[in-house]
Amino acid sequence: MLIGVPKEIKNHEYRVGLTPASVRELTARGHQVIVQKNAGSAIGLADEAYLASGAELVDTAQEIFARAQMIVKVKEPQPQECAMLREGQILYTYLHLAPDPAQTAALVQSGATCIAYETITGPGGGLPLLAPMSEVAGRMAIQAGAAHLEKSRGGMGLLLGGVPGVEAGHVVIIGAGVVGTNALQMAVGVGARVTVLDKNVDRLRQLDLVFGNRISTLYSSAQSLEEAVLSADLVVGGVLVPGAAAPKLVTRDMISRMKKGAVVVDVAIDQGGCFETSRPTTHAEPTFVVDGVVHYCVANMPGAVARTSTFALNNATIGHALALADKGSRQALKDNPHLKNGLNVCGGKVTYEAVARDLGYDYVAPEALLS
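K.L.:
Requested: an account of the sheet that holds strand 11 (residues 263-266), with residues and values cited.
P.N.:
With mixed pairing, the seven strands of this open sheet are ordered in space as 9-8-7-10-11-13-12. Strands at the two margins of the open sheet, each flanked by one partner only, are strand 9 (215-219) and strand 12 (287-290). Adjacent strand axes in the sheet meet at a mean angle of 20 degrees when their direction is disregarded. Inspection of the sheet shows strand 8 (residues 193-198) paired to strand 9 by five bridges, in the parallel sense. Looking across to strand 9, one finds that valine 194 is bridged to isoleucine 215. The sheet contacts of helix 6 (residues 131-148) involve strand 7 (170-174), strand 10 (234-237), strand 11, strand 12 and strand 13 (293-296), and relative to strand 10 the element is tilted by about 150 degrees. The strands that helix 7 (residues 178-189) touches are strand 7, strand 8, strand 9 and strand 10; relative to strand 7, the one it contacts most, it runs at about 170 degrees.

As structure tokens, this is what we get:
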């Protein structure tokens, strides 16, 4: 198979779909890989390393999309990239379609086979291709929140860990999944007071066993969530409904009653966000203020630590990339039900139920298109 890796074009996005090591895995099996020049140079992955791994370098994204049978990316295709996709071509990347009707319509129109990293499941449950970026984003949420609590960044001027004789800041984490757990580790590490909310009591019990009295765990109800948010200096939203739009758990009214200069970090912004006041921001302009509360809603947080993120992502994605290249998309999807769960759009049809429901499309089961 001929596999193409274009340079990412989203604002301040420096990750790359395949590392030289991943390219080597593919070329060793007889596949061809074309990589856009300087696709990984910003994070120290030089063109020479790609050439040494057996890739061919090309000048433009247009040539990548025109020639390749499978496109491997990181972020969702931008409008000009969607326009270059063609019928039958495989797109293997993050998509986050539920809150993005324009991208969904463009992918449906393209006729391409679009496989989303974020909905591929694992044998033991979970979302193994989303997990590494959720780990990065969860850890970054505390870094970003702590930085924006500084007065010069618009915050209340609070040191998250406090100092002897001065109370530490209060971090509230909504959701005890991968994002929440990694945010929790960082928040505890800097010495903050931490409260984590979730509806899964077994998960809260696990965290309590690990962290003991260094954290507070709360069953998430409307009242407990509101009370926690209103007492918080930093709120991290890490709620996920796989493939679907994130629930708006923190209302505009709650935001209006928070402490002035508090910070909210919406890690769920890729799926629409879990704060009612959230809207996507970029690394160039990461924050905005609503009712005196600083909102950090960068839609590609792991892009800020692009080298770490690229290697972590490739560790998770290369196995399915090899299967798609070795077998072709139809056979690979038929053979692996977990990979099949990643199929969001195929042949002009929406094949992921939550996306179809949220955006008003007729849902077509993947089996109907793969038989």
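K.L.:
With reference to specific residues and values, describe the sheet that holds strand 2 (residues 32-36).
P.N.:
Across the sheet, eight strands lie side by side as 3-2-1-4-5-6-14-15; this open sheet has mixed pairing. Among the strands making up the open sheet, the edge pair consists of strand 3 (56-58) and strand 15 (349-350). Bridge count for strand 2 against strand 3 is three bridges, and the pairing is parallel. Within strand 3, the position partnered with isoleucine 34 by the bridge is glutamate 56. Most of the contacts of helix 11 (residues 306-327) go to strand 5 (residues 90-93), to which it runs at about 170 degrees, and overall it touches strand 1 (2-5), strand 4 (70-72), strand 5 and strand 6 (113-116).

K.L.:
I'd like a description of the layout of surface pockets, backed by residues and values.
P.N.:
There is about 860 Å³ of room inside the largest pocket. As for the largest pocket, its lining consists of 43 residues, and the residues nearest its centre are Ser134, Val179, Gly238, Val239 and Leu240. Of all the secondary structure elements, the ones that give two or more residues to the lining of the largest pocket are helix 6, helix 7, strand 8 and helix 9 (222-231). Of the residues forming the lining of the largest pocket, the biggest block, four residues, is contributed by helix 6. Here the lining of the largest pocket is built from residues that sort into 25 nonpolar, twelve polar and six charged. Considered as a void within the structure, the second largest pocket measures approximately 300 Å³ in volume. Together, 18 residues line the second largest pocket, and Lys10, Ile269, Asp270, Pro280 and Ala299 are the ones closest to its centre. Here the residues of the lining of the second largest pocket sort into four nonpolar, seven polar and seven charged.

K.L.:
Any chance you could break down unusual backbone geometry for me, citing the residues and the numbers?
P.N.:
Phi angles above zero are rare outside glycine, and asparagine 38 is one such case at about 65 degrees. Positionally, asparagine 38 belongs in the loop between strand 2 and helix 2 (47-52). At aspartate 291, a residue that is not glycine, the phi angle is positive and equals roughly 50 degrees. With respect to the element layout, aspartate 291 can be found in the loop between strand 12 and strand 13. Since its relative accessible area comes to 38%, aspartate 291 is described here as partly exposed.

K.L.:
Give a detailed account of the environment of glutamine 109, specifying residues and quantitative values.
P.N.:
With respect to the secondary-structure elements, glutamine 109 resides in helix 5 (residues 101-110). Given a relative accessible area of 71%, glutamine 109 falls into the exposed group. Distance in space between the C-alpha atoms of glutamine 109 and lysine 349 is 8.9 Å, their sequence separation being 240 residues.

K.L.:
Let's hear about helix 5: which residues, and what values?
P.N.:
Within helix 5, the full set of buried residues consists of Gln103, Thr104, Leu107, Val108 and Ser110. In an axial view of helix 5, the angular spread of the buried residues amounts to 160 degrees, which keeps them on one side of the axis. Of the exposed residues in helix 5, those oriented more than 90 degrees away from the buried face are Ala102 and Gln109. On the buried face of helix 5, the contacting elements are helix 4 (79-82), strand 5, strand 6, strand 14 (343-346), strand 15 and helix 14 (353-359).

What counts, and where the lines are drawn
- Residues numbered from 1 in each chain as written.
- Predicted model: local features only at pLDDT ≥ 70, side-chain atom pairs only at ≥ 80, totals over all residues.
- Heavy atoms only, no water.
- Pairing = 2+ DSSP bridges.
- Helix = DSSP H or I, 4+ residues; strand = E, 2+ residues; numbered from the N terminus.
- Axes fitted to C-alpha atoms, helices over the stretch in contact; angles between N-to-C directions.
- Contact = heavy atoms within 4.5 Å.
- 1 Å grid on protein atoms, 1.4 Å probe; cavity = no way out; pocket = protein on both sides within 12 Å on 5 of 7 lines; lining within 4 Å.
- Points joined across faces, edges and corners; volume = space filled by probe spheres on them.
- Nonpolar A, V, L, I, M, F, W, Y, C, P; charged D, E, K, R; others polar.
- Buried < 20%, exposed > 50% of the residue type's maximum accessible area, 1.4 Å probe, protein only.
- Arc of directions from axis to C-beta.

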